[in-house]
Number of protein chains: 4
Amino acid sequence: MPLRFLTAGESHGQALIVIVEGMPSGLPIKEEEINHQLARRQMGYGRGGRMKIEQDRAEILSGVRAGKTLGSPIALKINNKDWDNWQKVMSSKAGSASGGDVAQDDSGQSKVVHHPRPGHADLPGGMKYDHHDLRNILERASARETAGRVAAGAIARKLLSEFEIEIVGHLVDLGGVQSTTDLAPKKIAEKAEASPLRTVDSKAEERMIAKIDEAKKNGDSLGGIFEIIVTGLPVGLGSHVQWDRKLDGELARAVMSIQAIKGVEIGMGFASAAHFGSEVHDEIFYQAKEKRFYRKTNNAGGLEGGMTNGENLVLRAVMKPLSTLYRPLQSVNIMTKEPYQATVERTDITAVPAASVIGENVVAFTLAQAFLEKFGSDSLKELRRNFEGFLKQCREF
Amino acid sequence: MPLRFLTAGESHGQALIVIVEGMPSGLPIKEEEINHQLARRQMGYGRGGRMKIEQDRAEILSGVRAGKTLGSPIALKINNKDWDNWQKVMSSKAGSASGGDVAQDDSGQSKVVHHPRPGHADLPGGMKYDHHDLRNILERASARETAGRVAAGAIARKLLSEFEIEIVGHLVDLGGVQSTTDLAPKKIAEKAEASPLRTVDSKAEERMIAKIDEAKKNGDSLGGIFEIIVTGLPVGLGSHVQWDRKLDGELARAVMSIQAIKGVEIGMGFASAAHFGSEVHDEIFYQAKEKRFYRKTNNAGGLEGGMTNGENLVLRAVMKPLSTLYRPLQSVNIMTKEPYQATVERTDITAVPAASVIGENVVAFTLAQAFLEKFGSDSLKELRRNFEGFLKQCREF
Amino acid sequence: MPLRFLTAGESHGQALIVIVEGMPSGLPIKEEEINHQLARRQMGYGRGGRMKIEQDRAEILSGVRAGKTLGSPIALKINNKDWDNWQKVMSSKAGSASGGDVAQDDSGQSKVVHHPRPGHADLPGGMKYDHHDLRNILERASARETAGRVAAGAIARKLLSEFEIEIVGHLVDLGGVQSTTDLAPKKIAEKAEASPLRTVDSKAEERMIAKIDEAKKNGDSLGGIFEIIVTGLPVGLGSHVQWDRKLDGELARAVMSIQAIKGVEIGMGFASAAHFGSEVHDEIFYQAKEKRFYRKTNNAGGLEGGMTNGENLVLRAVMKPLSTLYRPLQSVNIMTKEPYQATVERTDITAVPAASVIGENVVAFTLAQAFLEKFGSDSLKELRRNFEGFLKQCREF
Amino acid sequence: MPLRFLTAGESHGQALIVIVEGMPSGLPIKEEEINHQLARRQMGYGRGGRMKIEQDRAEILSGVRAGKTLGSPIALKINNKDWDNWQKVMSSKAGSASGGDVAQDDSGQSKVVHHPRPGHADLPGGMKYDHHDLRNILERASARETAGRVAAGAIARKLLSEFEIEIVGHLVDLGGVQSTTDLAPKKIAEKAEASPLRTVDSKAEERMIAKIDEAKKNGDSLGGIFEIIVTGLPVGLGSHVQWDRKLDGELARAVMSIQAIKGVEIGMGFASAAHFGSEVHDEIFYQAKEKRFYRKTNNAGGLEGGMTNGENLVLRAVMKPLSTLYRPLQSVNIMTKEPYQATVERTDITAVPAASVIGENVVAFTLAQAFLEKFGSDSLKELRRNFEGFLKQCREF
C-alpha cells in the first residue's frame with residue numbers, strides 16, 4: 001500500500017476529516033505547520049466574506065505523538081466555525097429540518113436548493129445520486145473540500161522538506177493578465193508570499209487587481225493560471241514501465257481533480273506544439289565535480305519518460321472563472337422545470353491565488369507517494385538511509 | 001475491482017502482451033475490430049520506415065469465445081514482426097548476446113546504448129533501474145507500448161459503442177499550424193479519417209504538410225495538439241465525492257501518461273483564464289419533449305464537478321515534438337562521461353496523428369471504467385438493463 | 001473505486017476516526033444503529049474493567065443528512081471517554097510529557113513501555129517503525145481499533161438489511177468447550193443475543209463460564225471459535241475470473257486481519273480433509289415454483305468458485321487466547337536487553353464474544369463491497385432496481 | 001504501486017498468460033526456474049491422465065533480458081499442449097463451432113455443458129455471467145489457472161531466495177491420515193520433494209496411498225491439509241496500522257483464493273481455541289551474540305500484530321476433496337431443469353500435493369509484495385542495500 005489519503009466532510013457540515021495513511025514514523029510535524037498551509041489557502045485578493053469566517057485550523061486526532069508521526073494513520077479534523085448556524089440544516093438526524101426537502105435554518109430561511117448553478121456539480125450530481133435538494137450535492141462538491149487536501153499535502157510537504165525538496169507556487173496569469181519572471185524558485189516563493197495575488201511581477205499584479213475590480217463591478221468572476229515549481233527532487237521518481245506509474249499522469253490527475261481546474265501542462269506544455277524538436281529538447285551535460293548529469297534548459301519540466309530527471313519539476317494549471325456569479329446565469333428549476341435566473345448574495349471574484357496553494361499541496365502529496373514508493377521505509381531514519389544510498393549510487397552511476 | 005488492464009513488452013521484444021480484466025460477458029468483439037484501431041495508430045503523414053514493417057495484429061488468447069467476451073480476462077498478443085532480427089539481442093536467456101553490455105545482432109552490430117537521448121526516459125530510467133545498457137530502458141519506454149493500450153482501448157470502445165457512445169479524434173494543431181472546424185462530431189470523424197494528418201480543415205492540412213516537409217529537410221521534428229470528442233455519454237459518470245473519483249482527473253491521468261504528451265485540457269481549457277465567468281459558464285435549459293436538461297454552449301467540455309453532464313466530452317492534449325531527431329542533440333556517454341552527439345538513422349518527423357488515435361483509445365478505456373463503476377454488471381444484458389433503468393430515472397428526475 | 005474504508009486512532013488517543021467511502025445515497029442510517037453494534041462489541045462474560053469505562057458512541061460527522069446517506073464519504077468519530085487521563089501522555093504536541101521516552105501521566109506514573117508483550121505487535125512493530133517507547137506501537141495495534149471497523153461494518157450491514165441480507169454470529173467453541181446447534185439462523189441470532197457468551201447451547205455455556213472462571217483464578221486467558229452465518233445473499237457475489245476477486249479470499253482477509261484471529265474456514269472447512277468427496281459436495285436441485293436452484297446440504301458454506309451460490313454463507317474463525325495475562329510471561333527489556341517478567345494490572349480473560357461481533361461486521365463490509373461491485377449504483381433507488389432486475393434474470397435463467 | 005500480477009487464460013484455451021508488474025531490475029531468472037515450479041505442481045500420486053498431457057512450460061515474453069529482469073513487466077505464456085484438439089471448440093472467432101450453444105470438436109462430440117457440477121463455479125458463474133453453456137465458466141474457474149499463479153510465484157520466490165528466504169511445503173493430512181514431523185524445514189523440504197505425496201512421514205505416506213487407492217476404487221475423491229513454512233524472513237513485513245496491511249490477512253486472502261481451499265490457519269491456528277493463553281504465547285528472549293530477539297516456541301507462526309516477527313512463518317490450509325467424481329452426484333440440467341446425474345470420464349483422485357506447491361508459490365508472491373513494500377527499490381542492488389541497512393538497524397535496536 002503506498003501513501004494514501006481520504007477526505008470527508010460537507011462544506012457547511014460539522015467538520016472536514018482527513019485520514020493520511022502510510023506516513024513513516026519519526027517525522028516531526030506540528031498543527032501549526034498544517035495550519036500555515038490552511039491559512040495560505042484562505043488568502044488572496046478577490047475573496048468574498050466567507051473566508052474570513054472560517055480561519056481553518058486542523059486538529060491532529062491520531063498518528064502523531066510528542067511532535068512526531070507514529071507511522072499509524074494520521075487523522076485531522078478541521079471544524080466548521082459556522083456550524084452553529086448550520087447545525088439544524090445539516091444535521092445527520094432524521095426528522096431534522098432538512099427532512100423532506102424543507103430544510104430551514106433558525107431564521108426560518110429555506111436552505112433547500114432546486115436551482116442548479118451552471119458550471120457546478122449541482123445538476124449532474126443531483127441526477128446521479130437521485131437528490132432533489134441539490135444542497136446534498138453542492139455541500140460536498142464545494143471547493144471547501146480542498147482544505148482537507150491541503151492539510152494532507154502539508155504533511156507530505158513536511159516529509160519532502162526533510163530531504164530538501166521544496167515546492168513553490170505562483171500566479172502566471174489572472175484573467176488574461178500575464179506575469180512573467182526569470183527569478184530563481186526561492187525568490188519566486190518569497191515574492192509570491194508577499195503578494196496578495198501570489199504573483200511575482202508587480203506591474204502585472206497592478207493590472208490583475210484592476211481586472212478583479214472591473215469584474216467585481218460587473219458582478220463577474222475571473223480565472224487564471226498558476227505555476228508550481230519543485231526543487232531538489234532526486235532522479236527516478238515515477239516509472240516508465242506501466243501507464244499507471246508515470247509520474248506525469250499522477251500529477252495531472254491530482255491537479256486536474258482540484259475544483260475548477262480545466263487544464264494541466266508540464267514544462268513547455270501547450271507551447272511545444274509550435275516549436276521544432278530541436279528547440280524543445282533539453283540537451284544533456286555532465287558536471288564532473290558533483291558527479292551529476294544536468295541540462296541547461298528545462299523544457300521537459302523535470303520529467304522524462306514519466307520520471308523525474310533531476311531538474312526542477314515545472315507544472316502549470318488553469319482555473320476557470322468561478323461559476324458562482326453575482327450576475328445571474330440562466331438555469332432551470334429542477335422541480336417545476338421552469339427557467340430561473342440564479343442570484344447570489346455573496347461570492348468571491350477570483351480564487352486563483354488559493355488554487356495555487358492547493359496545487360502546491362496536492363503536488364506535494366503526489367510526490368511524497370512517489371518518493372515512498374521508490375524508497376520504501378517505515379521510519380524517517382530508514383528513509384534517509386535508503387535515500388542517501390540511492391544518491392550515492394547515482395553519483396557512482 | 002473496476003475494469004483494469006496491464007501491458008507488457010519491449011519495443012523489439014517478441015511481442016506486446018495486454019491483459020484486460022473486468023469486461024462483462026456477452027460483448028461481441030473481433031480481432032479485426034482491435035486490428036482496425038491498431039492500423040489507425042500506424043498511419044499518418046510524417047512517419048518513418050518502422051511503422052511499415054510492423055503491421056500490428058492483435059491475437060486474442062483468452063477471454064473471448066465464439067465472438068463474444070466470456071467475462072474472464074482478455075489476453076492479447078501483438079507479435080513483433082521484426083523479432084527474427086532482434087531475437088539474439090533481446091533474448092531472455094543468460095549468456096545471450098546482450099550479456100555483459102555487449103549485445104550484438106547477427107550482423108555483429110552492437111546494440112548496446114550508452115548515449116541517453118534528450119527528452120527520453122533513457123537517462124533517468126538508467127539511473128533508477130541501475131542499467132548501463134540504456135536499451136534496457138528505451139525498449140520499454142518506447143511509444144510502441146501504446147499499441148497495447150490502443151488494443152485495450154479498442155475493446156472498451158466496442159463496449160461503449162453498444163450504448164451509442166462514440167469517440168472522435170482529430171488534429172487541431174501541428175507545429176503551430178491550427179485547424180479549426182465547426183462541424184458536427186460525426187462529420188469530423190469522417191473527414192479526419194480521410195486525412196493523412198487526421199485533420200478536418202484541408203487548408204490547414206496543406207500548410208501542416210508543408211511544415212512537416214520543412215522539418216524533414218532540416219532533420220527536425222514536430223509536435224501538435226489533438227482533440228477528442230465523445231458523444232452519447234449519460235449524465236453522472238465519475239463523481240464529485242472524492243478526489244480520486246473525479247473523471248476529469250482520471251482522464252488527465254490516462255492521456256498525460258501517453259508518451260510525449262505534455263499537457264491536457266478540458267472544454268475551454270487554458271483559454272478560460274482570459275475570459276470572464278459570464279462568458280465561460282454554460283447556462284442550463286430544459287427540453288420538455290425529450291425530458292432532458294441541456295446547454296447551448298459547452299465550455300465545460302461535458303464535465304462539471306468531475307462528472308459527465310450529458311453534453312459532449314471535449315478534451316485536448318499536446319504532444320511535444322518527437323525527441324529522436326536526425327539533427328544531433330548534445331548528450332553524454334554514460335560510461336566515459338564524455339560529450340556525445342547523438343545521430344539517428346531512421347525516425348519519424350511527427351506522430352501527432354498516431355497520438356490522436358492513442359488518445360481516443362485511452363479515453364475510451366477510462367470512460368468504460370467509469371461506465372462499469374456506475375452500472376456494475378457482469379453481462380452485457382445486465383449492463384443494458386441497468387443503463388436503461390438509469391436513463392429512465394433521469395427522464396423522470 | 002469500490003466501497004472502501006480507513007480507520008485511524010490510538011487506543012488511548014483522543015478518538016477513533018473512520019471514513020467510509022462509496023456508500024450509495026438514500027440509505028437510512030442512525031447513530032443509534034452504529035452504536036448498537038458498538039455496544040454489542042463491548043459485551044461478553046470474561047471482560048475486565050476497561051470496557052465499562054468506554055461506552056463507545058459514534059458520532060456521524062459527514063455523509064449523512066436528515067437521516068439518510070448523501071453518497072459522500074461518511075466520517076465517524078468515536079471519542080475516548082478516558083481522554084482526560086491520557087491527554088498528557090498521548091498529546092500530539094512536541095514537548096509534551098511523552099517526549100524523549102519519559103511519558104508520564106498526571107500522577108507522575110511513567111507510561112513508557114520498554115517490555116514487549118509476547119503475542120503482541122510490540123516487538124516487531126517497535127523494530128519496524130524504530131520506536132523504543134513501545135507504547136507508540138501498542139496504542140494502534142490494540143483491539144480497540146476494531147471499534148472503528150465495527151462502526152464501518154454497521155453501515156454496510158444496514159445496506160445489506162435493505163435487501164434482506166442478515167448476518168448472525170455465535171460462539172461454537174470457548175477454551176475447547178464446544179457448542180453445537182441445529183437451529184435456524186434467526187433462532188441462533190436470538191439465542192446468541194441473550195447469552196453472555198453469544199452462544200446457543202446453554203449446557204455448553206455453563207461449562208464455558210466455568211472454564212473462564214478457572215482461567216481467571218489462574219491468571220490465564222482463553223480463546224475460542226465463532227461462526228458467522230449470512231442469510232439472504234443473491235447468487236453471484238465475488239468472481240472466479242481473477243485470484244483477487246474471489247469472495248472467499250476477500251472474506252478470509254477481512255476476518256484474519258482482526259486482532260488475535262489465527263484461522264478462518266468456510267463451510268465444512270478443515271473437517272473436509274477427513275471426508276470423501278461424495279460426502280462433501282452439495283448436490284444441486286431445482287425448486288420449480290420459486291424458480292430457483294438449491295442444495296439440501298451446505299458443506300461449501302455458500303461459496304463455490306469464489307462466488308456466493310445462493311445458500312447461506314457460513315464461516316468460522318479462531319481467536320487465540322488473549323496475550324495479555326495476569327500470569328507473567330517471559331520477555332526482555334528492549335533498552336537493557338535484560339530478561340523481564342511482564343505483569344498486568346487489568347485485563348480480560350477472554351474476548352471471543354466481542355470477536356464474534358467484530359467478525360459479523362467485517363463480513364458485512366466485505367459483502368457490501370461485493371454487492372456494490374456487482375450492482376453498481378449511486379443511490380439506493382438505483383441499487384434496488386438493479387438488484388431486482390438481476391433476481392428476475394436469475395429466475396428466468 | 002506495489003508488486004502485482006494478473007493471469008488470463010481458459011483451461012482448454014490456447015495459452016495461459018501472466019503479467020508480473022513491479023519486480024526490481026537485475027534479478028537473475030531463467031525459464032527453467034519457472035518450469036521447475038510448474039513441474040512440481042503437476043506431480044503427485046492420485047492424479048489422472050490430463051496432467052501428463054500438459055507438461056507445462058512457461059515462455060518469458062518480456063521483462064527479462066540476458067537472464068536478468070529489466071524492471072519492466074514480465075509476461076509469461078504457458079501454451080496448452082492440447083490446443084489442436086480444442087481449437088475449434090474454444091476459438092475466439094464468431095461463427096466457430098461453439099456459436100449458439102452447439103460447440104463441437106472435430107469428432108463431432110458436443111462440448112456444450114448444461115450440467116453444473118456440485119462444488120464448482122459452474123452454476124453460480126453461469127447465473128452471474130448469463131452463460132448457458134457452462135463451459136464458458138468452468139474453463140476459467142478450472143484449477144489450471146493456478147499454473148499462472150505458480151509461474152508468478154516462481155519469480156517472487158527467486159527474489160526471496162536472493163535474501164535467503166526459503167519456502168517449504170508439505171502434506172500434513174490426506175483424507176484424514178495425518179503426517180507429523182519434528183524435522184527442520186530444510187529436511188522437510190528434502191523429504192517432501194522425494195515423496196509422491198509431498199509428505200515427510202513415510203508411515204503416514206503408506207496409509208495415505210492406501211486411502212487414495214480406496215477412494216479410486218469407489219470412484220471417490222480426497223482432500224487434505226498442507227503446511228507452508230518460510231525461513232529467513234526479516235522482522236517487520238506487513239503492518240499493524242491498517243486492517244488491509246496486515247500480513248496475516250494478505251496471506252489468508254492469497255491462499256484461500258486457491259481453487260478448493262476452504263480454510264487457512266497460522267501457527268497454532270484452530271488448536272489454540274483449546275489452550276490457555278499461558279500455553280500459547282511465545283515468550284521472548286535475547287541472543288546477545290547475534291544481537292537478536294528470539295522465541296523458543298512458535299505458536300504464533302511467525303506473525304504478531306500482522307507483522308513478521310523474525311521466526312519462521314507457519315501456515316496451513318485445507319483443500320476439500322476434488323468436486324469432480326467418477327461417482328455421480330445429483331445435479332440439474334439448466335435448460336430443461338430436469339434432474340441429472342453427472343458422470344466423468346477422467347479425473348484426479350486427489351490434488352493436495354499440487355495444492356501444496358501452489359500454496360508455496362502464492363505465499364512467495366505475497367511475501368515478495370510485503371518485502372518490496374517495506375524496502376522499496378527498483379534494482380536488486382538497491383534492494384540489497386536497503387535490506388542490509390535495515391538488518392543492521394535491527395541489530396542496533
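Since we're looking at a predicted model, the values are computed, not measured. (Residues numbered from 1 in each chain as written. Chains lettered and ligands numbered in written order. Predicted model: local features only at pLDDT ≥ 70, side-chain atom pairs only at ≥ 80, totals over all residues. Heavy atoms only, no water.)

What about the pairing of strand S10 (residues 261-266) of chain A?
Residue and element names in this part refer to chain A.
1) Next: Among the 6 residues of S10, 6 are classified as buried, and the element is accordingly described as predominantly covered.
2) Next: When S10 meets strand S15 (residues 313-319), the two strands line up antiparallel, connected through 5 bridges. Residue Ile 266 lies in a different strand from S15, and its bridge partner there is Leu 315. (Buried < 20%, exposed > 50% of the residue type's maximum accessible area, 1.4 Å probe, protein only. Helix = DSSP H or I, 4+ residues; strand = E, 2+ residues; numbered from the N terminus. Pairing = 2+ DSSP bridges.)

Some details on the interface of chain B and chain C
Where interface size is quoted, it is often the accessible area lost as the parts come together.
1) Next: Between chain B and chain C, the contact holds 25 residues from the first and 25 residues from the second.
2) Next: At the boundary of chain B with chain C, total buried surface from both sides reaches about 2100 Å², with 36% on carbon and sulfur atoms.
3) Next: Applying the counting criterion to the chain B and chain C interface returns 8 salt bridges.
4) Next: Note that B:Arg4 and C:Asp244 form a salt bridge whose closest N and O atoms lie 2.8 Å from each other.
5) Next: Looking at the side of chain B that touches chain C, the elements with two or more residues in it are helix H11 (352-375) and helix H12 (380-395) of chain B.
6) Next: The leading source of residues in the side of chain B that touches chain C is H12(B), at 7 residues.
7) Next: Of the residues belonging to the side of chain B that touches chain C, the class tally is 5 nonpolar, 10 polar and 10 charged. (Contact = heavy atoms within 4.5 Å. Buried area = accessible area lost by both parts, 1.4 Å probe. Salt bridge = Lys/Arg side-chain N within 4 Å of Asp/Glu carboxyl O. Nonpolar A, V, L, I, M, F, W, Y, C, P; charged D, E, K, R; others polar.)

Some points on the interface of chain C and chain D
1) Next: Taken residue by residue, the interface counts 108 residues in chain C and 108 residues in chain D.
2) Next: Across the chain C to chain D interface the summed buried area is about 9000 Å²; carbon plus sulfur atoms make up 66%.
3) Next: Ranking the residues of chain C by area buried against chain D places C:Trp243, C:Phe270 and C:Phe397 at the top, with a combined share of 11%.
4) Next: Across the chain C-chain D interface, the total number found is 2 salt bridges.
5) Next: A salt bridge links D:Glu250 to C:Arg253; the nearest nitrogen and oxygen atoms lie 2.9 Å apart.
6) Next: For the pair chain C and chain D, the interface holds 41 residue pairs in polar contact (both at pLDDT 80 or more). (Polar contact = N/O pair within 3.5 Å; in protein donor to acceptor, adjacent residues only side chain to side chain.)

Concerning the relation of the copies chain B and chain C
1) Next: Mapping chain B onto chain C leaves a residual RMSD of 0.0 Å; the transformation is a rotation of 180° accompanied by 0.0 Å of translation along its axis. The two molecules are tied by a two-fold rotation axis, judged by turn and shift. No C-alpha of chain B approaches the rotation axis more nearly than that of B:Gly376, which lies at 1.9 Å.
2) Next: In this assembly, 100% of the residues forming the interface of chain B have copies in chain C that are likewise at the interface, indicating an isologous arrangement. (Least-squares fit on C-alpha atoms with pLDDT ≥ 70 in both.)

Some thoughts on the sheet that holds strand S3 (residues 58-60) of chain A
Residue and element names in this part refer to chain A.
1) Next: Spatially, 4 strands are ordered S1-S2-S6-S3 in an open sheet, and the strand pairing comes out antiparallel. Both edges of this open sheet fall to strand S1 (4-8) and S3, since each of them pairs with a single strand only. For this sheet, the mean angle separating the axes of adjacent strands, direction not counted, is 20°.
2) Next: Relative to strand S6 (residues 74-79), S3 runs antiparallel, the two being bridged by 3 bridges. When the bridges of S6 are listed, Ala 58 appears paired with Ile 78.
3) Next: Lying on the sheet, helix H1 (residues 31-42) is in contact with S3 and S6; it crosses S3 at an angle near 155°. (Axes fitted to C-alpha atoms, helices over the stretch in contact; angles between N-to-C directions.)

Some words on the relation of the copies chain C and chain D
1) Next: Mapping chain C onto chain D calls for a rotation angle of 180° and an axial translation of 0.0 Å; the resulting RMSD is 0.0 Å.
2) Next: Looking at the interface residues of chain C, 100% of them are also at the interface in chain D, so both copies use one shared face.

So, the pattern of salt bridges
1) Next: The final tally for this structure, using the stated rule, is 122 salt bridges over all chains.
2) Next: Here A:Asp220 and A:Arg327 are joined by a salt bridge, their closest N and O atoms 3.2 Å apart. In this pair, A:Asp220 is assigned in the loop between helix H8 (202-217) and strand S9 (224-231) and A:Arg327 in the loop between S15 and strand S16 (330-332), connecting sequence segments 107 residues apart.
3) Next: Overlapping salt bridges bring together A:Arg4, A:Glu21, D:Asp244, D:Arg245 and D:Glu373 as one network.

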